[in-house]
Amino acid sequence: MDHQLPKPLIISISLIQGILLTLLYQSVEHKVWPGTEPLWLVSLAAFTISFPLLILLSVTKENGFETIKYLLPFTFLLSILGAYVGYQQEPAALINNSSVVVIFCFTSLVAAFKVLMYVQQYLSDQKISYSSLFKLSWRNFIIFGECWLFVLIFWGILHLGAGLFSVLEIEFFKELLDKEWFIIPVLNLAFGFAIIVFRNIIYTVDNISTILQTLIKFLLPALTVVSLGFLATLPFTGLDTLWKTGTGSLLVMWLQALTLFFVNAVYQDASHERPYHHILHRLIFIGVALLPIYSVISAYGLWLRIDQYGLTVDRCWAILVCFLLSCFSFGYLLGIVKKRDSWLETLSKVNISMGVVVLVFMLLVNSPLLNFQAISASSQLARLHDGKVSYQAFDYAYFDYSLGRQGYLTLQTLKEELKDIAPDKIAIIDRMYVNRKGLEKEEKSIDKFRQLIHFWPSESDFPDDLINSVYKNTTQYDWSTYNGKAYYFIAKDLNDDGELNYVVIEENNYSTSAQIWLLKGNTWTQNYMQVDNPNNNKFIEDLILNNQIEVIQPTWKTLKIGDLTFKPQVD
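This is a predicted model, so every value here is computed, not measured.

1. Quick word on the overall build of the protein chain
Then, number 1: A tally of helices and strands in the protein chain yields 21 helices and seven strands.
Then, number 2: The globule rule puts the C-alpha radius of gyration for 571 residues at 25 Å, and the 31 Å found for the protein chain is more than 25% above it.
Then, number 3: Summarising its shape, the C-alpha atoms of the protein chain cover approximately 95 × 70 × 55 Å along the three principal directions.
Then, number 4: Within the protein chain, the proportion of its 571 residues that are buried is 45%.
Then, number 5: Considering only contacts within the protein chain whose residues lie at least 6 apart along the sequence, 69% involve residues at least 24 apart.

Put into structure tokens, the structure is as follows:
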């Protein structure tokens, strides 16, 4: 039984956390501070989630003050990093950089579990060893996972009950579950109750850990055979076959990471124990000794990609993962070279020190010191200035959907260069950074819509009721927006009847569409036009201004037999 905090205190912490999270959520919903400022929102959310969670997982009656003394500075650090991550969401109306928040959540979780196990080990007054750290990390992870499973099941039961009452036409419970002021605190209380339950049955948690390690024990030899078989085959197939997949380095690193994890789960640092027959043990020994080869293959593959296409966020992450796996692999190899069969004595030292290294990097990637988005933006811009890619072929869209604030700032600076070199790209950049979260009804107006329209040959050729009809069609839904688009109104006789036909072309950075508008009675109706854009032109304004507009007669005419028509579909 764990000497944990008194149950009322655990419930109180969970309830207070639930109330604070509810307030943060409502600030976003009602668009008030801190929900309107990502810097404060992410920072406060990071502290509100991490500090109570770590307290619930670790504090006991005996070490309460000491645990808080070490965990509080760490959660303050997470909060500061959260503020920087939130700052990367600015300007919030123009960019969508949610990926860095997801990364921050994942890396903070890894860092929190690392810090938690080191603090627990330090406060236990026992000599630090990898086996004890491994046991603590598995125990914390399993308790955390079990608590979330309990919360999910509890949430499902609540919805099941609400659904049953709804069948009886009692909607109160269904409506209650839609209220964040109810569901968030209740689920937090459920999590706190689960903490009490599972920390009181640590022996069960340890049994689950033992079962998982036993399964891994049987899987490690199979994984080692696959690893050695792959290496044995590689000289006959060559690396080119591996690179053709486009994911060669990723697959190699996955195999390396799984092998390292399985080896650590099975052996830990008990060098006197041999969990396998000496033949299997020797096979795994060889497999571990050859792991650095995977690091070399991965590094070479990444170097080829980076040399050809420059750095991206994904490649920066791949470099970091490759570096960390290489440190583990070469550390184990060094132990094998020095101590041969007693290399497991080195395993503990390598893992303890590398645990700290992993912790540091999990924090650094959320700081300006290792901002992968900024690094990628600089790399891609350097390739442009070095002439490795032309201004026309440059991937401007990548800066928008992958580089967040750093991409936005870089492209705003680049616009000055594009004025004389590629002015059409300025319009494409401007379309990227508009308020894409939809406009309130009071913000939409026909006058603003007219500012986005290019008329040909002149505005006087288009009746006002047509423009109004197009505007109403464009803004008919609450989520509809004309931001980030250009509209071209073309007046041209397309059927040789002596009357002008009206074509409306809608252009954005991703597609170009067109409709022909016809007047039927007193109503304007739109009809779809097929668009063929072989060069993927995203800026046709210059073509229109240069009057490059003509009507082409069809090469193939339509065959009519009675009331039947036959239109050839010939490229």
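2. Things to note about empty space enclosed by the protein
Then, number 1: Taken as a whole, this structure holds one cavity of 30 Å³ or more when the rule is applied.
Then, number 2: Considering only enclosed or pocket space, the largest cavity measures out at about 30 Å³ in volume.
Then, number 3: The set of elements that each furnish at least two residues to the lining of the largest cavity consists of α8 (202–237), α10 (248–267) and α11 (278–289).
Then, number 4: Here the lining of the largest cavity is built from residues that sort into four nonpolar, four polar and no charged.

3. Points about the pairing of strand β1 (residues 453–456)
Then, number 1: Bridging between β1 and strand β2 (residues 486–492) involves four bridges; their strand directions are parallel. Residue Trp 456 lies in a different strand from β2, and its bridge partner there is Ile 490.
Then, number 2: In this fold, β1 hands off to helix α20 (residues 464–474), which returns the chain to β2; that crossover is left-handed.

4. Remarks on the sheet that holds strand β3 (residues 501–507)
Then, number 1: Taken in spatial order, the five strands line up as β1-β2-β3-β4-β5 in an open sheet, and their pairing is mixed. On the outer flanks of this sheet lie β1 and β5 (523–529), each paired with one strand and no other. The mean angle between the axes of side-by-side strands here comes to 25°, regardless of whether they run parallel or antiparallel.

5. What about the side chain of Thr 67?
Then, number 1: Take Thr 67: it is sitting in helix α3 (residues 64–87).
Then, number 2: The exposure class assigned to Thr 67 is buried, which follows from its relative accessible area of 2%.
Then, number 3: Residue contacts for Thr 67: discarding those within four places in its chain leaves Ser 58, Val 59 and Leu 123.

6. Brief notes about a negative patch on the surface
Then, number 1: Together, Glu 169, Glu 171, Glu 175 and Asp 178 make up a negatively charged patch on the protein surface.
Then, number 2: Mapped onto the elements, Glu 171 comes out in the loop between α5 (130–167) and α6 (172–177).

7. With respect to the pattern of salt bridges
Then, number 1: Taken as a whole and judged by the stated rule, the model has eight salt bridges.
Then, number 2: One salt bridge in this structure joins Glu 459 and Arg 450, with 2.6 Å as the shortest N-O distance.
Then, number 3: Since its relative accessible area comes to 40%, Glu 459 is described here as partly exposed.
Then, number 4: Among the residues examined, Arg 450 registers a relative accessible area of 23% and is labelled partly exposed.
Then, number 5: What emerges from the salt-bridge pattern is a single network uniting Arg 450, Glu 459 and Asp 464.

8. Some remarks on the packing of aromatic side chains
Then, number 1: Summed over all chains, the structure comprises 33 aromatic pairs.
Then, number 2: Arranged with centres 5.3 Å apart and planes meeting at 45°, the rings of Phe 394 and Phe 399 form a pair that is tilted.
Then, number 3: Owing to a relative accessible area of 1%, Phe 399 belongs among the buried residues under this scheme.
Then, number 4: Counting every residue linked through ring pairs, the aromatic cluster contains Tyr 130, Phe 134, Trp 138, Phe 261 and Phe 262.

9. Re the packing of α8 against α10
Then, number 1: Axis separation between α8 and α10 bottoms out at 9 Å; the angle between their running directions is 140°. Considering their axes alone, α8 and α10 lie oblique with respect to each other. When the axes of α8 and α10 are compared, the crossing they make is left-handed. Between α8 and α10, the residues in contact are Gln 213, Ile 216, Lys 217, Leu 219, Leu 220, Leu 223, Ser 227 and Phe 230 and Val 252, Leu 255, Leu 258, Thr 259, Phe 261, Phe 262, Val 263, Ala 265, Val 266 and Tyr 267, respectively.

10. Quick notes on the confidence of the model for the protein chain
Then, number 1: Averaged over every residue, the pLDDT of the protein chain is 90; residues scoring 70 or more account for 96%.
Then, number 2: The secondary-structure element of the protein chain with the lowest mean pLDDT is helix α9 (residues 239–244), recorded at 81, while helix α15 (residues 372–385) shows the highest, at 97.

11. Some points on the environment of Ile 211
Then, number 1: Residue placement: Ile 211 occurs in helix α8.
Then, number 2: The spatial distance from the C-alpha of Ile 211 to the C-alpha of His 281 is 21 Å, given a sequence separation of 70 residues.

12. Quick look at helix α13 (residues 313–339)
Then, number 1: With 27 residues, α13 ought to run about 39 Å at 1.5 Å a step, and its terminal C-alpha atoms sit 39 Å apart, in line with that.
Then, number 2: Once α13 finishes, Arg 340 follows within two positions and takes phi at roughly 50°, a positive value.

13. Focus on the environment of Tyr 487
Then, number 1: Note that Tyr 487 resides in strand β2.
Then, number 2: Considered as a pair, Tyr 487 and Gly 18 are 469 residues apart in the sequence and their alpha carbons are 48 Å apart.

Parameters and conventions
- Residues numbered from 1 in each chain as written.
- Predicted model: local features only at pLDDT ≥ 70, side-chain atom pairs only at ≥ 80, totals over all residues.
- Heavy atoms only, no water.
- Helix = DSSP H or I, 4+ residues; strand = E, 2+ residues; numbered from the N terminus.
- Rg over C-alpha atoms; globule rule 2.2 N^0.38 Å.
- Buried < 20%, exposed > 50% of the residue type's maximum accessible area, 1.4 Å probe, protein only.
- Contact = heavy atoms within 4.5 Å.
- 1 Å grid on protein atoms, 1.4 Å probe; cavity = no way out; pocket = protein on both sides within 12 Å on 5 of 7 lines; lining within 4 Å.
- Points joined across faces, edges and corners; volume = space filled by probe spheres on them.
- Nonpolar A, V, L, I, M, F, W, Y, C, P; charged D, E, K, R; others polar.
- Pairing = 2+ DSSP bridges.
- Right-handed = clockwise from strand over helix to strand, strands pointing away.
- Axes fitted to C-alpha atoms, helices over the stretch in contact; angles between N-to-C directions.
- Patch = residues over 30% accessible without salt bridge, like charges linked within 9 Å, V, L, I, M, F, W, Y side chains within 5 Å.
- Areas by Shrake-Rupley, 256 points an atom, 1.4 Å probe, with all protein chains shown as cover.
- Salt bridge = Lys/Arg side-chain N within 4 Å of Asp/Glu carboxyl O.
- Lys, Arg positive; Asp, Glu negative; His and termini not counted.
- Charge placed at Lys NZ, Arg CZ, Asp CG, Glu CD.
- Phe/Tyr/Trp six-rings, centres within 6.5 Å; stacked < 30°, edge-to-face > 60°.
- Parallel < 35°, antiparallel > 145°, perpendicular 65-115°, else oblique.
- Left-handed = near helix turned anticlockwise from the far one by under 90°.
- pLDDT = per-residue confidence, 0-100.
- Expected span 1.5 Å × (residues − 1).

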